[in-house]
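Okay, here's what each chain looks like letter by letter:
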Amino acid sequence: MAGAPGQPGSAVWDGPYAPAPVPLAPRSLVRRLLTPVAVLGGVVAAFAYVGAVDPNEPGHYPVCPLLRFTGIYCPGCGGLRSAHAVAHGDLPAALGANALAVVGYGIFAVVMAVWLIRAVRGAPMRLTISPRLSWAIGAVLVLFTLVRNLPFGSALAP
């Protein structure tokens, strides 16, 4: 087949006389930090908004549809109140509103710190979630939802 890689007349060279690959120029520190800093800025802006507009006051945020139509607390119920409490530095209130959300905030903070450190060092950030971890996260969400809706788990309800 004429023109195929490795064949005479092809545009791609291989073998002992092939040209060396051209290394990519390293990205500048500003360019490496652009994406993680933008993500962090968006999250800080969201927390600032939730910190300024109290979700405990009715009418500012939509009601959870699952809670409204079924009376069942979803895993996210109380998440805005939790974020509001975290923005004001009230960790006990945040844990009372949604303990799972507080754990999520902590995991996010660790991932952001690792991402920023790797960006400064010039190392790529690859976050891979295995199927087992995905199933485990789903199981935790289902278990949290189940327990917070049972009488003995009322401490987890917002």
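## Considering the overall build of the protein
So, point 1. On a plain count of helices and strands, the protein comes out with 5 helices and 0 strands.
So, point 2. When the helices and strands of the protein are read in sequence order from the N terminus, they spell out α-α-α-α-α.
So, point 3. Across the 158 residues of the protein, 18% fall into the buried class.
So, point 4. A fraction of 55% describes how many contacts in the protein between residues 6 or more apart in sequence connect residues 24 or more apart.
So, point 5. Carbon and sulfur atoms make up 71% of the accessible area of the protein, which amounts to about 11,400 Å² in all.

## Section: helix H1 (residues 29–52)
So, point 1. The end-to-end C-alpha distance of H1 is 33 Å, a good match for the 34 Å that 24 residues give at a rise of 1.5 Å each.
So, point 2. Considered for burial, the residues of H1 that qualify are Pro36, Val50 and Gly51.
So, point 3. The inward-facing, buried residues of H1 contact helix H3 (79–87) and helix H4 (91–121).

## A closer look at the side chain of His84
So, point 1. Along the chain, His84 falls in helix H3.
So, point 2. Owing to a relative accessible area of 12%, His84 belongs among the buried residues under this scheme.
So, point 3. Not counting residues within four places of it along the chain, the set of residues in contact with His84 comprises Val50, Gly51, Val53, Asp54, Pro55 and Asn56.

## Details of the confidence of the model for the protein
So, point 1. Looking at the protein as a whole, its pLDDT mean stands at 87, while 89% of the residues score no less than 70.
So, point 2. Confidence, read as mean pLDDT per element, is least for helix H2 (residues 65–70) in the protein (92) and greatest for helix H5 (residues 131–148) (95).

## Some remarks on the packing of H4 against H5
So, point 1. Axis separation between H4 and H5 bottoms out at 11 Å; the angle between their running directions is 165 degrees. Comparing their axes, H5 and H4 come out roughly antiparallel. Considering only the axes of H4 and H5, their crossing is right-handed. Residue-level contacts link Ala97, Asn98, Ala99 and Leu100 of H4 to Val140, Leu141, Phe144 and Arg148 of H5.
So, point 2. Residue composition of the contact of H4 with H5, grouped by class: 6 nonpolar, 1 polar and 1 charged.

## So, the environment of Leu143
So, point 1. As for its placement among the helices and strands, Leu143 is situated in helix H5.
So, point 2. Its relative accessible area of 51% is what places Leu143 among the exposed residues.
So, point 3. It is 9.3 Å that separates the C-alpha atoms of Leu143 and Pro75, two residues lying 68 residues apart in sequence.

## Some details on the side chain of Thr145
So, point 1. Its location among the elements puts Thr145 in helix H5.
So, point 2. Setting aside anything within four residues of it in sequence, one finds Thr145 in contact with Tyr73, Cys74 and Pro75.

## Here we look at H3
So, point 1. Of the residues making up H3, those classed as buried are Gly79, Ser82, Ala83, His84 and Ala85.
So, point 2. Looking at the packing, one finds that the buried side of H3 touches H1 and H4.

## Re a nonpolar patch on the surface
So, point 1. A surface patch of nonpolar side chains, about 450 Å² in accessible area, is lined by Leu127, Ile129, Leu133, Ile137 and Leu141.
So, point 2. When you line up the elements, Ile137 lands in helix H5.

## Re the environment of Pro26
So, point 1. In this structure, Pro26 sits in the segment before H1.
So, point 2. The exposed category is assigned to Pro26, whose relative accessible area is 76%.
So, point 3. Distance in space between the C-alpha atoms of Pro26 and Gly122 is 8.2 Å, their sequence separation being 96 residues.

Cut-offs and rules
Residues numbered from 1 in each chain as written. Predicted model: local features only at pLDDT ≥ 70, side-chain atom pairs only at ≥ 80, totals over all residues. Heavy atoms only, no water. Helix = DSSP H or I, 4+ residues; strand = E, 2+ residues; numbered from the N terminus. Buried < 20%, exposed > 50% of the residue type's maximum accessible area, 1.4 Å probe, protein only. Contact = heavy atoms within 4.5 Å. Areas by Shrake-Rupley, 256 points an atom, 1.4 Å probe, with all protein chains shown as cover. Expected span 1.5 Å × (residues − 1). pLDDT = per-residue confidence, 0-100. Axes fitted to C-alpha atoms, helices over the stretch in contact; angles between N-to-C directions. Parallel < 35°, antiparallel > 145°, perpendicular 65-115°, else oblique. Left-handed = near helix turned anticlockwise from the far one by under 90°. Nonpolar A, V, L, I, M, F, W, Y, C, P; charged D, E, K, R; others polar. Patch = residues over 30% accessible without salt bridge, like charges linked within 9 Å, V, L, I, M, F, W, Y side chains within 5 Å. Salt bridge = Lys/Arg side-chain N within 4 Å of Asp/Glu carboxyl O.

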